[in-house]
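Coordinate analysis (summary)
Each chain, written out:
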Amino acid sequence: MTTSVTTFDEETDSPFALSHLDSLESEAVHIFREVAGEFERPVILFSGGKDSIVMLHLALKAFAPAAIPFALLHVDTGHNFPEVIEYRDRTVEKYGLRLHVASVQDYIDRGVLKERPDGTRNPLQTVPLTEAIQQHRFDAVFGGGRRDEEKARAKERVFSLRDEFSQWDPRRQRPELWQLYNGRHAPGEHVRVFPLSNWTELDVWQYIEREGIELPQIYFAHEREVFSRNGMWLTAGEWGGPKDTEPVEKRMIRYRTVGDMSCTGAVDSDATTLQAVIAEITASRLTERGATRADDKLSEAAMEDRKREGYF
């Protein structure tokens, strides 16, 4: 059982009820501590994106004043936003954390992976991720996936069992009644763990505001040179964009989610503050991945296929 600070809930007028955000925080802290007790070599996936930032913040809370008993792992596509990589490295140094980096570029240089015709490297992350898990013998891998992001992720349990090839089989997933989690796994298998599973995008932003969590500035509206492709505003870069028929223009944009530059679209926005971002998200009818992630649009079952192959 985790212990939480009792707060006054205005909705129930009860000094003994937890607020919505306090309940989500308490659940996540419980999950972190449960993993620490059940597994030998957990690791936190940390990219410098907002969900992994919130996840790290929760881990820091879960074990304070002690250090986090986990290392961090980042699968670097080589096409990440420079602002996000700078934030990642600064955060690792600030908290004295251990960071493992699995580089897609290294696998391309060795001929293990080949560049895709469309330039995107997000689908190429599976092999570096699964080999890093095997190399370091990680038996639990924390990810920032949420059920509201995409229909394939809505099927995930909090503890998601993966076989010795890191593949996901829906028939082997276990019930999680009353927040009881079963971390049992055979040698070579591991468990993917999702502490933010029950959070929404709005919950994440409201928690960021409440906790005063710093984010990379690309999450807020700023002027940037972008070009249009498949209905999304993309940033030019070494990955191959834009084409001669795709004019570059300056626009006020921000990013709702952050991944590989080749498949992460920006949205037109004038939201320069947390309050403005929250208001914008509240009014939106599109999920962040549905609106801005080209890799999820490769096919109707793109995320499902990647999960079966070993990705998240």
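Residues numbered from 1 in each chain as written. Predicted model: local features only at pLDDT ≥ 70, side-chain atom pairs only at ≥ 80, totals over all residues. Heavy atoms only, no water.

Side note on helix H7 (residues 274–283)
When H7 is considered as a whole, its buried residues turn out to be Leu-274, Val-277, Ile-278 and Ile-281. An end-on view of H7 places all buried positions within 100° of arc, on one side of the element. Elements in contact with the buried residues of H7: helix H6 (201–211) and strand S9 (249–254). (Buried < 20%, exposed > 50% of the residue type's maximum accessible area, 1.4 Å probe, protein only. Helix = DSSP H or I, 4+ residues; strand = E, 2+ residues; numbered from the N terminus. Arc of directions from axis to C-beta. Contact = heavy atoms within 4.5 Å.)

Re unusual backbone geometry
The omega angle of the peptide bond from Ala-64 to Pro-65 is 5°, so this bond is cis rather than trans. Summarising the element assignment, Pro-65 is placed in the loop between helix H2 (50–63) and strand S2 (71–76). Even without being a glycine, Gln-179 presents a positive backbone phi close to 55°. Mapped onto the fold, Gln-179 is located in the loop between strand S5 (159–162) and strand S6 (190–193). Residue Gln-179 is classed as partly exposed on the basis of its relative accessible area of 41%. A positive phi angle, close to 55°, is found at Asn-230, a residue other than glycine. Residue position: Asn-230 is located in the loop between strand S7 (222–229) and strand S8 (232–235). In this structure Asn-230 comes out as exposed when scored by relative accessible area, which is 71%.

What about the sheet that holds strand S10 (residues 267–268)?
Within the open sheet, the four strands sit side by side as S8-S7-S9-S10. Their pairing is antiparallel. In this open sheet, the two strands that pair with only one neighbour each are S8 and S10. Bridge count between S7 and S8: four bridges; the pairing is antiparallel. Directly across from Arg-229, in S8, lies its bridge partner Met-232. (Pairing = 2+ DSSP bridges.)

Thoughts on the confidence of the model for the chain
Residue-level pLDDT values for the chain average 86, and 85% of them are 70 or greater. Note that residues 1–7 has pLDDT below 50 and, in this model, 17 contacts with residues that lie over four places away or in other chains. Taken as a whole, residues 295–299 scores under 50 in pLDDT and shows 16 contacts with residues more than four places along the chain or in a different chain. (pLDDT = per-residue confidence, 0-100.)

Considerations on the environment of Ser-103
When you line up the elements, Ser-103 lands in strand S3 (residues 99–103). Sequence separation between Ser-103 and Gln-125 is 22 residues; the distance between their C-alpha atoms is 8.5 Å. A polar contact of 3.2 Å, which involves the side chain of Ser-103, links it to the backbone nitrogen of Asp-106. (Polar contact = N/O pair within 3.5 Å; in protein donor to acceptor, adjacent residues only side chain to side chain.)

Concerning the sheet that holds S5
Taken in spatial order, the six strands of this open sheet run S3-S2-S1-S4-S6-S5, and their pairing is mixed. Each having just a single partner strand, S3 and S5 make up the two edges of the open sheet. On average, adjacent strands in this sheet sit at an angle of 30° to one another, irrespective of strand direction. Both S2 and S3 contribute to a ladder of five bridges, which runs parallel. Note on S3: the bridge partner recorded for Leu-73 is His-100. (Axes fitted to C-alpha atoms, helices over the stretch in contact; angles between N-to-C directions.)

Some words on the packing of aromatic side chains
For the structure shown, the criterion picks out 10 aromatic pairs. Taken together, a centroid distance of 6.0 Å and an interplanar angle of 75° make the contact between Trp-205 and Tyr-219 edge-to-face. You can see Trp-205 sitting in helix H6 and its partner Tyr-219 sitting in the loop between H6 and S7, a full 14 residues away along the chain. On the basis of relative accessibility, which here comes to 0%, the residue Trp-205 falls in the buried class. By relative accessible area, Tyr-219 is classed as buried at 1%. Of the aromatic side chains, those joined through ring pairs into one cluster are Phe-32, Phe-63, Phe-70 and Phe-142. Over the face of the ring belonging to Tyr-107 we find Arg-110, whose NZ or CZ atom lies 4.5 Å from the ring centre. (Phe/Tyr/Trp six-rings, centres within 6.5 Å; stacked < 30°, edge-to-face > 60°. Lys NZ or Arg CZ within 6 Å of the ring centre and 35° of its normal.)

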